[in-house]
Amino acid sequence: MAIKKKHINDFISLNNKKTKSSKPKQNRIYFQIVLINSTFATYLYKNMSFLKEIQRRRTFGIISHPDAGKTTLTEKLLLFGGAIQEAGAVKNNKIKKGATSDFMEIERQRGISVSTSVLAFNYNDKKINILDTPGHKDFAEDTFRTLTAVDSVIVVIDVAKGVEEQTEKLVAVCRMRNIPMIVFINKLDREGKDAFDLMDEVEQKLGLTVTPLSFPIGMGYDFQGIYNLWEQNINLFSGDSRKNIEETIAFSDVQNNPELDKIVGQKAAQKLREELELIDEVYPKFDRQDYLDGKLQPVFFGSALNNFGVRELLDCFVAIAPSPRPKDSETRLVDPTEEKMSGFVFKIHANMDPKHRDRLAFIKIVSGTFERNKPYYHVRQKKNLKFSSPNAFFAEKKEIVDISYPGDIVGLHDTGNFKIGDTLTEGELMSFKGIPSFSPEHFRYINNADPMKAKQLDKGIDQLMDEGVAQLFTLEMNNRKIIGTVGALQYEVIQYRLEHEYGAKCTYENFPVHKACWVKPNDPKSEEFKEFKRIKQKFLAHDKYGQLVFLADSDFTIQMTQSKYPNVKLFFTSEFE
């Protein structure tokens, strides 16, 4: 039912009828009107409340190369939102320990933790959901999938190191999906590259079109503060300030205001004026629609450790970032304002509590409302499931929620029903797109080290692959199993978990492969495809879902194969048209 102006006017006029007639027939009509009035009022209230909740939500991820300052920025955003009361809560795991714990010794030794996937807080009447992405490259596959559940991202770049390898990979995924991005150039209190050089590097290496919405006054030791182009004011900071932002001064006309010279000094003031003139001439004006379409990326400068520029970033983010966006399924585009619930699993956490071996499946709500104890349809398994204790994460605590809205992330206790990419609906048969597996970078044979535990090993591999910790390939030629991972550290994780959770032991052998390419021939019956399969049979395998994969030993091999077999298409993700 679409609400029109006529409906609202009718509702108001009916609501103004205060008196009853003495005639029975008219009384019946009156009470019918009251009933209709009441029903419509309830519907109107619920619908408007639902739409308001959608508009309130901002669900985003923070991505960066390790050590660029992602954790520190996350902490300061939580501080501004009032979600935590002390600095260092993220780094010393005070937030994470309430929701999860490290489940193996290797994680404690190397400082890598199984983090909570979402940290939620309220700011300026907006519900902010931060999706935590692992910074370590060995867990990049997890980050790639997390990006399917965000509506926008903040890219953090170190002022001294500039654009680094992991940032390039993650931004490429965002560009592929047209995800709106804001760039935050961090650590301005340290000596680093020139601001314009950094923005040029961002454009050239990441393929972005940037426009600065804040700009530093000085850099490194000369750093005095930030000029906020978005709000047209200057924020001044003292070098020893670790928690408190200094004064904010409104400056709508920097070029002609002599007060600027008094505040930052004549030399710094003149340089700032020249830089702002250059910005005006070189960079495009900010356009929110271009930002939302992924065509323009605003840039902010600051120092998360010292709170420089964080509030400016957060205030602008809340104002311009998208509320929950429509998402493509295999059959249609799903709008968040639809009444019926739909959502998908983008992440599975095992051993949230090592004592109970429990798993949480994290679901992004795409449309409708997710309600506790209401049955929902599991599309892949073709059965209804009911959830008595859906979890949401609110900074330091995990709590059961009765209702969740589009944009929210819900953790569901899972006994093995879910796999990455599974869809829940209210009965509609559909699956969401955009949750692919990416080509691994490391490949090894996996061997059973204890023949008496063959079943346990098969079960363990099957369940761990469901969680997306790695990918399983089975060779066509001899059915040997190969594990493919993004990082070598994952092999130790898998080996440890197989032994301690499933009672199975395994060993590995190196397998000389450079990249996995998913294969799609134009004509599966063609002679060209038959020759391709015959020549490449030693390196052909099937993934866990039966798709044909070519395990190439080098980039040169891939180029030669594409040249020799032009009608056999090779893809570097498992999802392709």
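Residues numbered from 1 in each chain as written. Predicted model: local features only at pLDDT ≥ 70, side-chain atom pairs only at ≥ 80, totals over all residues. Heavy atoms only, no water.

1. Digging into the sheet that holds strand 3 (residues 126-131)
- Pairing in this open sheet of seven strands is mixed, and the strands run 2-3-1-4-5-11-6 from one edge to the other. Looking at strand neighbours, the two that pair on one side only are strand 2 (118-123) and strand 6 (210-212), the edges of this open sheet. Shown here is a sheet whose adjacent strand axes are inclined to one another by a mean of 30°, direction ignored.
- In this sheet, strand 11 (residues 297-301) lies alongside strand 5 (residues 181-186) in parallel orientation, the contact comprising three bridges. Following the sheet pairing, I185 is matched in strand 11 by F301.
- Contacts between helix 6 (residues 165-176) and the sheet are confined to strand 1 (57-64), strand 4 (152-158) and strand 5, with strand 1 contributing the most and set at about 145° to the helix.
- Contacts from helix 7 (residues 195-206) reach strand 4, strand 5, strand 6 and strand 11 within the one sheet, and its direction differs from that of strand 6 by about 160°. (Pairing = 2+ DSSP bridges. Helix = DSSP H or I, 4+ residues; strand = E, 2+ residues; numbered from the N terminus. Axes fitted to C-alpha atoms, helices over the stretch in contact; angles between N-to-C directions. Contact = heavy atoms within 4.5 Å.)

2. Describing the sheet that holds strand 24 (residues 442-448)
- Read from one edge of the open sheet, eight strands run 27-24-26-25-29-30-28-31, paired in antiparallel fashion. Across the chains shown, the open sheet's two edge strands, defined by having one partner strand only, are strand 27 (506-510) and strand 31 (568-571). Taken over all neighbouring pairs, the strand axes of this sheet differ in orientation by 40° on average, direction set aside.
- Two elements, strand 25 (residues 471-475) and strand 29 (residues 540-543), share three bridges in a ladder whose sense is antiparallel. Across the sheet, residue T474 finds its bridge partner in strand 29, namely H542.
- Its contacts with the sheet place helix 15 (residues 555-564) against strand 28 (515-521), strand 30 (548-552) and strand 31, and it is angled at close to 130° to strand 30.

3. Details of the confidence of the model for the protein chain
- Per-residue confidence for the protein chain gives a mean pLDDT of 81; residues scoring 70 or more make up 78%.
- Within the model, pLDDT remains below 50 along residues 241-245, and this stretch shows eleven contacts once partners closer than five positions in the same chain are excluded. (pLDDT = per-residue confidence, 0-100.)

4. Focus: unusual backbone geometry
- Here K187, not a glycine, exhibits a phi torsion of approximately 70°, which is positive.
- Examined against the element boundaries, K187 turns out to sit in the loop between strand 5 and helix 7.
- You will see that Q232, though not glycine, has its phi angle at about 55°, which is positive.
- On the secondary structure map, Q232 appears in the loop between strand 8 (225-228) and strand 9 (233-236).
- According to the relative accessible area criterion, Q232 is partly exposed, its value standing at 38%. (Buried < 20%, exposed > 50% of the residue type's maximum accessible area, 1.4 Å probe, protein only.)

5. Quick notes on the packing of aromatic side chains
- Following the criterion strictly, the structure yields 20 aromatic pairs and no others.
- Here F532 and F550 contribute two aromatic rings whose centre-to-centre distance is 5.8 Å and whose plane-to-plane angle is 75°, an arrangement assigned as edge-to-face. Taken as a pair, F532 in helix 14 (residues 527-535) and F550 in strand 30 lie far apart in primary sequence, 18 residues in all.
- Here the aromatic cluster, defined as three or more aromatic residues joined through ring pairs, consists of F196, F215, Y283 and F301.
- The residue whose ring lies beneath R444 is Y491, and the NZ or CZ to ring-centre distance is 4.2 Å.
- Directly above the ring of Y445 sits R480, whose terminal nitrogen or CZ lies 3.8 Å from the centroid. (Phe/Tyr/Trp six-rings, centres within 6.5 Å; stacked < 30°, edge-to-face > 60°. Lys NZ or Arg CZ within 6 Å of the ring centre and 35° of its normal.)

6. A look at the environment of F443
- Tracing the backbone shows F443 in strand 24.
- Judged by its relative accessible area of 4%, F443 falls in the buried class.
- Along the backbone, F443 and I483 are 40 residues apart, and their C-alpha atoms lie at a distance of 5.7 Å.
- Not counting the four nearest positions on each side in its chain, F443 is found in contact with F473, I482, I483, G484, Y491, N510, F511, V513, H514, K515, A516 and L551.

7. Thoughts on the pattern of salt bridges
- Under the defined criterion, the tally for this structure stands at 21 salt bridges.
- The salt bridge involving D408 is made with K127; its shortest N-O contact spans 3.2 Å. Pair noted here: D408 is in the loop between strand 21 (403-404) and strand 22 (409-414) and K127 is in strand 3, with a separation of 281 residues, a long-range link. Judged on exposure class, the residue D408 and its partner K127 are both buried.
- Note that R372 and D402 form a salt bridge whose closest N and O atoms lie 3.2 Å from each other. Of this pair, R372 sits in the loop between strand 16 (370-371) and strand 17 (376-378) while D402 sits in the loop between strand 20 (397-400) and strand 21, placing them 30 residues apart in sequence.
- What emerges from the salt-bridge pattern is a single network uniting E53, R56, R57, D125, K127 and D408. (Salt bridge = Lys/Arg side-chain N within 4 Å of Asp/Glu carboxyl O.)

8. Describing the nonpolar core
- Ranked by internal contacts, the top residues of the largest apolar core, which has 75 residues, are V153, F370, F418 and L424.
- Both domain 1 (57-320) and domain 2 (327-425) contribute no fewer than three residues apiece to this core.
- Counting residues in hydrophobic clusters, the runner-up holds 29 residues, among them L73, C316, V318 and I320. (Core = buried A, V, L, I, M, F, W, Y, C linked by side-chain atoms within 4.5 Å. Domains from an automatic or database assignment.)

9. Some words on empty space enclosed by the protein
- For the structure on display, the rule yields one cavity of 30 Å³ or more.
- Estimates place the volume of the largest cavity at around 60 Å³.
- Lining the largest cavity, in full, are D194, A195, F215, P216, G218, M219, K271 and E275.
- Elements represented by at least two residues in the lining of the largest cavity include exactly strand 7 (214-217) and helix 9 (266-282).
- Per-class residue counts for the lining of the largest cavity are four nonpolar, one polar and three charged. (1 Å grid on protein atoms, 1.4 Å probe; cavity = no way out; pocket = protein on both sides within 12 Å on 5 of 7 lines; lining within 4 Å. Points joined across faces, edges and corners; volume = space filled by probe spheres on them. Nonpolar A, V, L, I, M, F, W, Y, C, P; charged D, E, K, R; others polar.)

10. Concerning the environment of G407
- With respect to the helices and strands, the residue G407 is situated in the loop between strand 21 and strand 22.
- Residue G407 is classed as buried on the basis of its relative accessible area, which comes to 0%.
- The spacing of G407 and G343 is 64 residues in sequence and 9.7 Å in space, taken between C-alpha atoms.

11. Quick word on the packing of helix 12 (residues 454-466) against helix 13 (residues 489-502)
- Taken N-terminus to C-terminus, the directions of helix 12 and helix 13 make an angle of 120°; their axes are 10 Å apart at the nearest point. As summarised for this structure, helix 12 and helix 13 are arranged oblique, according to the angle between their axes. At the point where helix 12 passes helix 13, the crossing takes the right-handed sense. For the pair formed by helix 12 and helix 13, the contact residues are Q456, L457, G460, I461, Q463, L464 and M465 on the first element and I494, R497, L498 and Y502 on the second.
- By residue class, the composition of the contact of helix 12 with helix 13 is seven nonpolar, three polar and one charged. (Parallel < 35°, antiparallel > 145°, perpendicular 65-115°, else oblique. Left-handed = near helix turned anticlockwise from the far one by under 90°.)

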